[in-house]
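# Tertiary structure, described
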Amino acid sequence: MTDIKSNLELPHGLSGLNDLAYNLWWSWHADARGLFRELDYQLWNVSSHNPVKQMQQMAYYRKEAAAKDISFVSRYESVLKKFNDDMVTGNKWYAKKYPSLLNKPIAFFSAEFAIHNALPIYAGGLGVLAGDILKEASDLGIPLIGVGFMYPSGYFSQRISVDGWQEEDHRHLNFKEAPIKLVHDAQGLPLKARVQLGDRLVTIAVWHVGVGNVDLYLLDTDVEENTPSDRSLASQLYVSDWEWRIQQELVLGIGGVRVLRMMGKEPALWHINEGHTSFMIAERIREQVEKGMSFDDAVRKVRSATIFTTHTPVPAGHDVFPVHLVDKYLGKNWSPAGQLDRDKILKLGGEEVTGDRAFNMTAFAIRMSQSVNGVSQLHGGVARKMWHGLWPELSEDKVPITAVTNGVHIPTWLAPEMGELFDMYFAEDWEQRQDEPDVWQDVWKIPNKEFWETRIDLKRKLIGAMRARAQKRWSVGGAEPQQLISMGTLFHPEILTIGFVRRFAAYKRPDL
């Protein structure tokens, strides 16, 4: 059970703002964001559109005044009703379309989730897709549970130094100001799980994030029971040290399964979003062997309920660990003292690297999943070619890796200004039928002049934000004049501009 105690001081008439602020549902509903923005526009901006932080810093007399404002209260009640109605899944697409398909949830494991910048625990595309999947699952009423890490230092913000080098800037997340809640057990104590890493036990706390009616659980090792090094184990996303990373991935995979069990969650399916969380497979095998099942039968049972999505089209993007590190940190689970058959586990993740055996997290996930998919039709073909060696007896086109093309969560990514145009010229129920190709033919009804003016307005907003960022760098003495130019101070909204906005890493293939 999650801690539902409010830490936002609110007048009685606006008490519903607590639940609203702590559920990231507001991040894809413009009327909810507008409600917080109206409360205090300046604080809304200063807080980087984080209503929890905004409400904590807002003077109580301002809240009281809002509670007496008839016009504001009317909008508040309208948003709150919409929010509460949306938390009921019985009338949503999934319940209507597949009422008896699943009586248990789907567990969705991912190393990162990008939902909103109020919770900066993501790096890029993998997290963006994961966050969009949670939001879409909420909209459709799909019974999904997310499992990831709470990274106090998140992923670095990048900037270019005066001499042209990419620099990393790690900023510590203030948990008290984040839209998260600590998970408690039935006795009201903070829920704690434990994972064996070699000769030591690592304790894990759990944070809950509401994403509409989807629950996201984030694991945290920064607890008193752990040593200083273990407390920082999950502090950063995608550390480069392989020994540190394998410990992180063991905690996330094994600890994630144990946390769900402790909360009484029994998923029907387990979805692995990229190979980082693949150790959850080993934990589920161990569970079945501990109950008396043979190792081979446990493998078959676990495989039948596992789905894997691979994202990366180049070998450098996949985690491959030396066998000695797997032995060092997973070794307590090897039989006969433990429940896992070492040789069979290593074979399932086996890959030959420079003549030495290595454990490939992606190969492990592929071999242990009943369904594997790439993230576009083209990538599906690339993935079949990359992993053909796992099925040498098959022709490349018969390799059992399919493709589900990445989409986006439209309410998140569609600018409100563009949404207003769609509302004017599209069918009234276009949002409910957004996956029907015919709906998008209505784009031709939008007059070119209106479409272009809206587009230019959005570009002006983007360039304005870039200039504000450049001015901020300049004001603190963090940029030279030539940098200010490259940061966009001379950009023009009516000139086509192409740039590279990802971090400049070789495996991102910038030379394409």
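Only a predicted model underlies this, so the values are computations on that prediction, with no experimental measurement involved.

Attention now moves to the packing of helix H10 (residues 242–262) against helix H13 (residues 323–330). One can describe the packing of H10 onto H13 by two numbers: an axis separation of 11 Å at closest approach and a directional angle of 50°. Taken as axis vectors, H10 and H13 run oblique relative to one another. The chirality of how H10 crosses H13 is right-handed. Contact residues: H10 offers Trp242, Glu243, Ile246, Gln247, Leu250 and Ile254, while H13 offers Leu325, Val326, Lys328, Tyr329 and Leu330.

Note on pairing: side chains with opposite charge can pair once their charged atoms come close. One pass over the structure, following the stated rule, counts 27 salt bridges. With its nearest N and O atoms 2.8 Å apart, the salt bridge here joins Asp85 to Lys81. One end of the pair, Asp85, and the other, Lys81, are both in helix H6 (residues 70–86), four residues apart, so they sit about a helical turn from each other. A residue is classified by how much of its surface remains accessible, and Asp85, at 41% relative accessible area, is partly exposed. Residue class for Lys81 comes out exposed when judged on its relative accessible area of 54%. Between Glu290 and Arg286 there is a salt bridge, and its shortest N-O distance comes to 3.3 Å. Pair noted here: Glu290 and Arg286 are both in helix H11 (residues 279–290), with a separation of four residues, about one helical turn. Assessed through its relative accessible area of 53%, Glu290 is described here as exposed.

Within the secondary structure, Ala427 sits in the loop between helix H18 (416–425) and helix H19 (448–475). Sequence separation between Ala427 and Trp440 is 13 residues; the distance between their C-alpha atoms is 9.7 Å. Setting aside anything within four residues of it in sequence, one finds Ala427 in contact with Arg433 and Asp442.

Along the chain, Asn226 turns up in the loop between strand S8 (214–220) and helix H9 (228–231). When the C-alpha positions of Asn226 and Gly477 are compared, they lie 40 Å apart, and in sequence the two are 251 residues distant. For Asn226, the side chain forms a polar contact with the main-chain oxygen of Thr203, separated by 2.8 Å.

This brings us to the confidence of the model for the protein chain. Overall, the predicted model of the protein chain reaches an average pLDDT of 90, with 95% of residues at or above 70. At the low end of the mean pLDDT range in the protein chain sits strand S12 (residues 350–353), at 68; at the high end sits strand S1 (residues 106–110), at 98. Note on residues 1–6: pLDDT is under 50 here. Beyond four places in sequence and across chains, it has 16 contacts.

About the criteria used
- Throughout this description, residue numbers start from 1 for each chain and increase along the sequence as written.
- Where local features are concerned, this predicted model is filtered to residues with pLDDT of at least 70; where side-chain atom pairs are given and counted, the filter is 80 or more; whole-chain, interface and lining totals use all residues.
- The basis for the side-chain values is all heavy atoms of the structure; hydrogens and waters are excluded.
- Where helices are involved, their axes are fitted lines through C-alpha atoms of the stretch in contact, as for all axes, and angles between N-to-C directions lie from 0 to 180°.
- Every helix listed is a DSSP run of H or I at least four residues long, and every strand listed is a run of E at least two residues long, numbered separately from the N terminus.
- Each angle receives one of four descriptions, namely roughly parallel if under 35 degrees, roughly antiparallel if over 145, roughly perpendicular if within 65 to 115, and oblique otherwise.
- Each crossing gets its handedness from the near helix: less than a right angle anticlockwise from the far helix is left-handed, clockwise is right-handed.
- Throughout, a residue-residue contact means that at least one pair of heavy atoms, one from each residue, lies within 4.5 Å.
- Any carboxyl oxygen of Asp or Glu within 4 Å of a side-chain nitrogen of Lys or Arg constitutes a salt bridge here.
- Categorising residues by exposure relies on relative accessible area from a 1.4 Å probe, with only protein chains included: less than 20% of the type maximum marks a residue as buried, more than 50% marks it as exposed, and the intermediate range marks it as partly exposed.
- Polar contacts, as used here, are pairs of N or O atoms within 3.5 Å; protein pairs need one atom able to donate a hydrogen and one able to accept it. Residues neighboring in sequence count only if both atoms are side-chain atoms.
- For every residue, the predictor states its confidence as a pLDDT score lying anywhere from 0 to 100.

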